Amino acid sequence: MEKIIINGGLPLNGDVYIDGMKNAALPIIAATLLCGDTCIIDNVPAVSDIAMLLDIIAGMGAKVEYLDKCRISINTANVKPGCSPFDLVCKIRGSAYIIGAEIGRFGTAHVGYPGGCDFGVRPLDLHLMGFEALGARITVESGYINAVSPMGLHGNSIYFRIPSVGATVNCILASVFAEGVTTIEGAAQEPHIVDMANFLNACGADITGAGTSSIKVRGVKSLKGCHHTIIPDMIEAGTYMAAAAITGGCVRVHNVIPKHMESVCSVLQRMGVKLDIGADTITVHGDGKLIATDVVTQPYPGFPTDMHPQISALMCVADGVSRMSELVWDNRFRYINEFQKMGTIISVADRTASFTGSQKLSGAPVVSTDLRAGAAMIILALRAHGTSQISKISLIERGYDNIVGKLASLGADIKKVDE
Ligand code: EPU
């Protein structure tokens, strides 16, 4: 077991380079299962959730080869349904995409119930409703989700009452070969949905409307392999921007798509952070003084729930009272108990946390409660006086490659040690 030790108070300065987006790489890796051919995927982030999904598809018979750290060749010609390793599937949320991919390619599925970060209830009802609309019959038994489609898969109209990222991905995966046209209304519009649709279209699929709430999939007969580069991770970028802002440093964040960062940039600007936005860089000029603001998390293009804890860290030191309302997940505030160990002033009522900014934060031993919460604890520790120890860092490594090295290269006093 490793932990991260941080001595806070130093401004971050310099350049940081953003990796490919975990939440785009996960569905794209699952989508390779539909191809039955070789795909070369570039800019794959070296994070543990991705390594686990690659192990899962290898367990199904895929040939996975690292061409270098972030470039992977995947051949899925010999993949069989029903053999994804249960003990790995139940550890990550991205494994839910194996269900849609198995249904799409084979018409049947037998996949363990997926896991993932704990933000409260994480239902799959919309995914299963979409599969059933396409003609699959679903049962859940002994921890497994099973699907059969005795009459084949047929395009249909699917409507989501909530724009679920996972259900949108899964229904696209399941419908790529379905006969006729599938329409998904109320679809999630996140950039990772667009990236997966672009990947599948490069393989020969016929998907239009990705990035809007109305997606159309016209069934095709077959796919072939392609070469695809994953888009940059907007949440990793936002995390380093928040870290620069809280320490009052000047950091240029490279490999970003500024359009994807609009809601995060707007919150930082409201908090008084000066940003220079280039073609594929954003430079953060922090002076350490932050202004209170109110934020509501929403599906894209709204402010992303996966940046909620990191911006809450800034709210803990912003001048005045800030409010963070969480409208996507029903239990995302578990990090607050840990924040309070550092002297923060926070109260929670219903889905809103109120933060009274304080300049008297002190480092403390804290425990990461999920991936983004752990990143937020690092951000707060960079500002707090004295030493913090963050444990359960395997949760952070699910989605950030080399966060300690990247922050150290920006001047943070940070190291990883064995517990
Ligand atoms: N929902 C349902 N029924 C469903 C599916 C979802 O009611 O069948 C609800 C959820 O309970 C939640 C809302 O819909 O209230 C949104 O859930 P969504 O399905 O969009 O989330 P997800 O696909 O499980 C992905 C990301 C999360 C991110 C959310 C929201 C991946 C692997 N995970 O989860 O990312 O928080 O979208 O943007 O893409 C992270 O990277 O740290 C992370 C947790």
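Refer to the structure printed above.
Every chain begins its residue count from 1, and numbering advances along the sequence as written. The model is predicted, so local features are restricted to residues of pLDDT at least 70 and side-chain atom pairs to those at 80 or more, both for listing and for counting; the totals for chains, interfaces and linings are taken over all residues. With hydrogens and water set aside, each side-chain value is computed from the structure's full complement of heavy atoms.

Caption draft 1: Spatial organisation of the pattern of salt bridges. In what follows, salt bridge is the name for a side-chain nitrogen of Lys or Arg lying within 4 Å of a carboxyl oxygen of Asp or Glu. Going through the model one piece at a time under the given rule, you end up with 14 salt bridges. Put simply, R323 and D294 hold a salt bridge, and the shortest N to O gap is 3.1 Å. Pair noted here: R323 is in strand β18 (residues 321-325) and D294 is in strand β17 (residues 294-296), with a separation of 29 residues, a long-range link. Between E397 and K416 there is a salt bridge, with its nearest N and O atoms 2.8 Å apart. One end of the pair, E397, is in the loop between β22 (387-391) and α13 (403-409); the other, K416, is in strand β23 (residues 413-418), with 19 residues separating them in the sequence. Via salt bridges that share partners, E2, E397 and K416 belong to a single interconnected network. Here a strand is any run of E in DSSP of at least two residues, a helix any run of H or I of at least four, and the numbering for each starts at the N terminus.

Caption draft 2: Summary view of the pairing of strand β16 (residues 281-285). When a residue's accessible area, from a 1.4 Å probe over protein chains only, is under 20% of the maximum for its type it is buried; when over 50% it is exposed; and in between it is partly exposed. With respect to burial, β16 is a largely interior element, four of its five residues being buried. In this sheet, β16 lies alongside strand β14 (residues 250-254) in antiparallel orientation, the contact comprising five bridges. When the bridges of β16 are listed, R252 appears paired with T283. A pair of strands is labelled paired if DSSP reports no fewer than 2 bridges between them. Of the strand pairs in this sheet, strand β15 (residues 274-277) and β16 are connected by four bridges, and their pairing is antiparallel. What sits directly across from K274, in β16, is H285.

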